[in-house]
Amino acid sequence: MAKNRRNQQRREFIRTGLLASFGSLLGMELVYGKYIPSDLIPLEILSSNSISELLDKHPELIELNDRPWNLETPAHLLNDDVTPADKMFVRNNGSMPQNIDADTWVLRIDGESSEREVQISLRDLKEKFKRHSYQLVIECGGNGRNEFNPPAKGNQWGLGAVSCAQWTGVRLRDVLEYTGMKDDAVYIGYYGADTHLSGKKDQVVISRGVPIRKALEDESLLAYELNGHPIPIANGFPLRLVFGGWPGSTSGKWINRISIRNKVHDGPKMGGQSYRVPCEEVAPGEQVPDENMCIIESMPVKSLITYPRTGAILNSGQSLAIRGHAWAGDDLVSKMEISIDYGQSWKETPVLPPVNRLAWQHFKATVDFPKSGYYEVWAKASSDRGISQPMVVPGWNPKGYLNNACHRIAVKVRP
Amino acid sequence: MNHQDPLKPISKLMPLFILLAITTTLLFGLVIYTAFHGEPGFGNNKAIKNNPHKGLEIVDGVDLESGLLATGDYELVKRNCTPCHSGKLIAQNRASKEGWRSMINWMQETQGLWDLGQNEEAILEYLESCYGPEKMGRRKNLENIDWYELNPGN
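Residues numbered from 1 in each chain as written. Chains lettered and ligands numbered in written order. Predicted model: local features only at pLDDT ≥ 70, side-chain atom pairs only at ≥ 80, totals over all residues. Heavy atoms only, no water.

Undergrad: Before we move on, can you summarise the overall build of chain A with the specific residues and values?
TA: Looking only at helices and strands, one finds six helices and 23 strands in chain A. Here the contacts in chain A between residues at least 6 apart in sequence split such that 71% fall between residues at least 24 apart. Summed over its atoms, the accessible surface of chain A is roughly 16,800 Å², and 50% of this surface lies on carbon and sulfur atoms. (Helix = DSSP H or I, 4+ residues; strand = E, 2+ residues; numbered from the N terminus. Contact = heavy atoms within 4.5 Å. Areas by Shrake-Rupley, 256 points an atom, 1.4 Å probe, with all protein chains shown as cover.)

Undergrad: So what's going on with the overall build of chain B? Which residues, and what values?
TA: Scanning chain B from N- to C-terminus turns up six helices and four strands. For chain B, with 154 residues in total, the buried portion stands at 30%. For chain B, contacts bridging at least 24 residues in sequence account for 46% of all contacts bridging at least 6. Working note: accessible area of chain B is about 10,500 Å², and carbon and sulfur atoms make up 60% of it. (Buried < 20%, exposed > 50% of the residue type's maximum accessible area, 1.4 Å probe, protein only.)

Undergrad: Account for the side chain of Arg240 of chain A, naming residues and giving values.
TA: Residues and elements named next belong to chain A. Along the chain, the position of Arg240 falls in strand E12 (residues 240-242). No salt bridge is formed by the buried Arg240; the nearest opposite charge belongs to Asp194, separated by 10 Å. A polar contact of 2.9 Å, which involves the side chain of Arg240, links it to the backbone oxygen of Asn235. Within polar-contact distance, the side chain of Arg240 engages the backbone oxygen of Ser251 at 2.8 Å. (Lys, Arg positive; Asp, Glu negative; His and termini not counted. Salt bridge = Lys/Arg side-chain N within 4 Å of Asp/Glu carboxyl O. Polar contact = N/O pair within 3.5 Å; in protein donor to acceptor, adjacent residues only side chain to side chain.)

Undergrad: So what about the interface of chain A and chain B? Which residues, and what values?
TA: Many descriptions give the size of an interface as the accessible area lost when the pieces come together. With 57 residues of chain A in contact, the opposing surface of chain B contributes 40 residues. Taking both sides of the interface into account, the surface hidden between chain A and chain B amounts to around 4,300 Å²; carbon and sulfur atoms contribute 51%. Seen at the junction of chain A and chain B, the total is five salt bridges. For Asp146 of chain B, the salt bridge identified is with Arg309 of chain A, shortest N-O distance 3.7 Å. The tally of links between chain A and chain B comes to 31 residue pairs in polar contact (both at pLDDT 80 or more). Listing elements by their share of the side of chain A that touches chain B, those giving two or more residues are helix H1 (2-31), strand E1 (62-66), strand E17 (312-314), strand E22 (373-383) and strand E23 (407-413) of chain A. Classifying every residue of the side of chain A that touches chain B by side-chain character gives 28 nonpolar, 16 polar and 13 charged. As defined by bridge partners, E17 of chain A adjoins strand E4 (residues 148-149) of chain B across two bridges and the pair is classed as parallel. Bridge pairing links Ile313 of chain A to Glu149 of chain B in E4 of chain B. (Buried area = accessible area lost by both parts, 1.4 Å probe. Nonpolar A, V, L, I, M, F, W, Y, C, P; charged D, E, K, R; others polar. Pairing = 2+ DSSP bridges.)

Undergrad: Just give me the short version of the sheet that holds strand E2 (residues 69-72) of chain A, but keep the residues and values in it.
TA: Residue and element names in this part refer to chain A. Read across the sheet, three strands follow the order E1-E2-E3 without closing on themselves; strand pairing throughout is antiparallel. At either margin of the open sheet sits one strand with a lone partner, and together these are E1 and strand E3 (90-91). Alignment of E2 against E3, held across two bridges, turns out to be antiparallel. Note that in E3 the partner of Asn70 across the bridge is Arg91.

Undergrad: Could you give me a rundown of the confidence of the model for chain A, with the residues and numbers involved?
TA: For chain A, per-residue confidence averages 89 on the pLDDT scale, and residues scoring 70 or more make up 87% of the total. Segment residues 1-50 of chain A: pLDDT under 50, and 71 contacts once partners within four positions in sequence are set aside and those in other chains are kept. (pLDDT = per-residue confidence, 0-100.)

Undergrad: For the domain arrangement of chain A, give the residues involved together with the corresponding values.
TA: Residue and element names in this part refer to chain A. We note that the domain assignment places domain 1 (2-69), domain 2 (102-295) and domain 3 (302-414) within chain A. On a C-alpha basis, the centres of domain 2 and domain 3 stand 29 Å from each other. Contact residues are listed per partner, giving 41 residues for domain 2 and 25 residues for domain 3. For the pair domain 2 and domain 3, the summed buried area comes to about 2,800 Å², and 58% of that belongs to carbon and sulfur atoms. Of all residues in domain 2, Gln135, Glu147 and Phe148 bury the most surface against domain 3, accounting for 21% of the area lost on that side. Applying the counting criterion to the domain 2 and domain 3 interface returns five salt bridges. In this structure, Arg408 engages Glu147 in a salt bridge whose closest nitrogen and oxygen atoms are separated by 3.8 Å. Viewed at the interface, domain 3 and domain 2 are joined by 15 residue pairs in polar contact (both at pLDDT 80 or more). Looking at the side of domain 2 that touches domain 3, the elements that each hand over two or more residues are strand E6 (131-139), strand E7 (162-171) and strand E14 (276-278). Sort the elements by how many residues they give to the side of domain 2 that touches domain 3 and E6 lands first, with five residues. Residue composition of the side of domain 2 that touches domain 3, grouped by class: 18 nonpolar, 13 polar and ten charged. (Domains from an automatic or database assignment.)

Undergrad: Residue-level account of the packing of aromatic side chains, with values.
TA: All names here are of chain A. One pass over the full model with this rule turns up eight aromatic pairs over all chains. Measuring from ring centre to ring centre gives 6.2 Å for Phe89 and Trp157, while their planes differ by 80°; the resulting arrangement is edge-to-face. You can see Phe89 sitting in the loop between E2 and E3 and its partner Trp157 sitting in the loop between E6 and E7, a full 68 residues away along the chain. Its relative accessible area of 8% is what places Phe89 among the buried residues. Judged by its relative accessible area of 1%, Trp157 is buried. An angle of 50° between the planes, with centres 4.7 Å apart, marks the rings of Phe369 and Tyr375 as tilted. As far as burial versus exposure is concerned, Phe369 and Tyr375 are alike and both buried. (Phe/Tyr/Trp six-rings, centres within 6.5 Å; stacked < 30°, edge-to-face > 60°.)

Undergrad: I'd like to hear about the packing of helix H3 (residues 74-81) of chain B against helix H6 (residues 119-130) of chain B, residue by residue, with values.
TA: Residues and elements named next belong to chain B. At a closest axis distance of 9 Å, the pairing of H3 and H6 adopts a crossing angle of 105°. When the axes of H3 and H6 are compared, the pair comes out roughly perpendicular. Along the contact surface, H3 presents Tyr74, Leu76, Val77, Asn80 and Cys81, while H6 presents Asn119, Ala122, Ile123, Tyr126 and Leu127. For the contact of H3 with H6, the residue count by class is eight nonpolar, two polar and no charged. (Axes fitted to C-alpha atoms, helices over the stretch in contact; angles between N-to-C directions. Parallel < 35°, antiparallel > 145°, perpendicular 65-115°, else oblique.)

Undergrad: Give me the lowdown on the packing of helix H5 (residues 97-110) of chain B against H6 of chain B, citing residues and values where you can.
TA: Residues and elements named next belong to chain B. Where H5 meets H6, the closest approach of the two axes is 9 Å, and the angle between their N-to-C directions is 125°. Taken together, the axes of H5 and H6 are oblique relative to one another. The element H5 and its partner H6 pack so that their crossing is right-handed. For the pair H5 and H6, contact is made by Lys97, Trp100, Arg101, Ile104 and Gln108 and by Glu120, Glu121, Ile123, Leu124, Glu125, Leu127 and Glu128, respectively. Partitioning the contact of H5 with H6 into residue classes produces five nonpolar, one polar and six charged. (Left-handed = near helix turned anticlockwise from the far one by under 90°.)

Below, the structure written as C-alpha cells:
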C-alpha cells in the first residue's frame, strides 16, 4: 500500500519532471535561442511525456540528468538474475541519434593497423557472422561516485549504474579477423552516432576502446540484441560494443565505426582525467597531472544486496532472507560474506558460479537478528585473487571512479 | 480684507490632498503587486508578460526551469551553463571555487564552452556559494531511509 503510493508519487514526480524539462526546452528556445543549435532539441521529448514511453524505462529509475539522459537503477530493482531492458541504467554523454534505420546501418572498420578499410552492413553482420550470447556485466566507471570526499566531478551515481543482461551479437574478434589486422595493432577505438551537446556537428562525443587483448576475448561482442530483443535506443540500438567487466564507457553505443589503432586510442574521453585514475594512489583532494593518470581496465570486486529494499522493518524473531549479485571485473568472485554488526564479524554465504565468464554471480543468505533495534546488513565479496571490497570508500581519485565499498542496507527489528 | 473665504485654507491644501491620494494609490498598488508578483494564479500571466526573462518561475528558492538555486547571479549562470546540458548536472555536483574553475576549463578545452570573460568570476562565486563542498567523512550514515513493513511471507 505504502509502496504503491510511493510508486505513484515517483511516477508523478517523473511526469512533472518531464513536463518541467519539456517546458524548459521550450523556454530555452525563447530565452536562449541564439545559443541553441536548431538540431539540439531532442525530438523524443517534444513528442512524448512519460519516461517509460520516452526511453522504455521503468518509472522508478532515478533521473540524474535529462539532458543528456543519465538514469540510475535503485538497488532493489536489480534483483532479477538477468537485468531486464527497462531496468538497465542509462549513461549518455551526448544526444541520442535520431531516425535510426537498422536496415541501412553500416559499420566501417579502418585504422592504421587495419589490413583494409571495410564497410559491413548490420544485415551482413547478422547473417554472415556467427551469433553468440553471453550474460555480461556493464558497470559505469563512475558508479558510486557520490560517496567520494572531497566530491568528485560528474554525474553523482549512487549504487545502480550497473547491469547484467543477456547480450547477443557477433564476436568482435570474428569481425577483426575478417577485416585483417596488422601485427602492430595495439588498441581498437570506436565511434558512435550520438551527437555532441554543444550541437557542433563535427565534434565527437566520446570515442574510447580497449587494448587488442580484450578486443579478442570470446565474450567481447558487437551486440544487436538485449535479452533476445532489439537493444533499447537509450542503450545503443541498433549496434553496440559490450566488454563485460570493464568500465561501461568502453562498451560504445550506436556504433558505426571501429578503428584498429597502432597506438593507444586517442579519441575524446580516452585522455586527460576521463576514465582514468592516478597511477599511484594520492591523498584525498590532491591535484593529479594528466600524465600521472592511468586508463581504467578491469572494474573492481563488488556486490549488491538486491532484496530486500533498504528500510525493511521486521518483527522480533523474524529472519531475513537476502539476495544479491557479486562481480569482479575480469576475475571471479570466490567468497561472499555478510555482517550485521558493522563489520566486526562476518558470516560466509554461498555464491554461485557465473553462467559464463564476466556474468555476475548470485548469492543468498538468511540473516537472524539477536535482539530488537537498528541494524545495517553489509555485504562483502572477495575475488579469486583474494581481493575484498573495502568497508569505507576506497582510494580517492579526481573523477570519482571505482568506488566498490561494500553495500549496506538498513533494517529495523521491532521489540 | 479681513474677511476670509472659509474654503480658502482647504483649497490651498488641495494640491497636497491630491498628491497624497496619488501616492497612497501608488503605494497600495505597489504593495499588492509585490505581494502577488510571481504567485501562481494571481496576475501571473501579466507578470510573465512583463518579465523580460520569459518563463521564470521560482519555487522554494529554486528556478524551476533550470533546477538551479535562484539566488545571486543565477540568471547569468543559467544563460551560460544550461544551453548544452540541463542544470541538473550542475546542481548534483559539489566543488570549491578551484574545482568549479577546473570543470569550466575542461569544458572550454574539450567541450566547446565559450570564454566567459568578466562573467567568469561571478559565475564561480555563485557556484561555490550554492554548490560548494559539504563536509563528510570517509562514509556517510545511511540517510533518507524509506521505512516499510516487510511481511514474513515476501
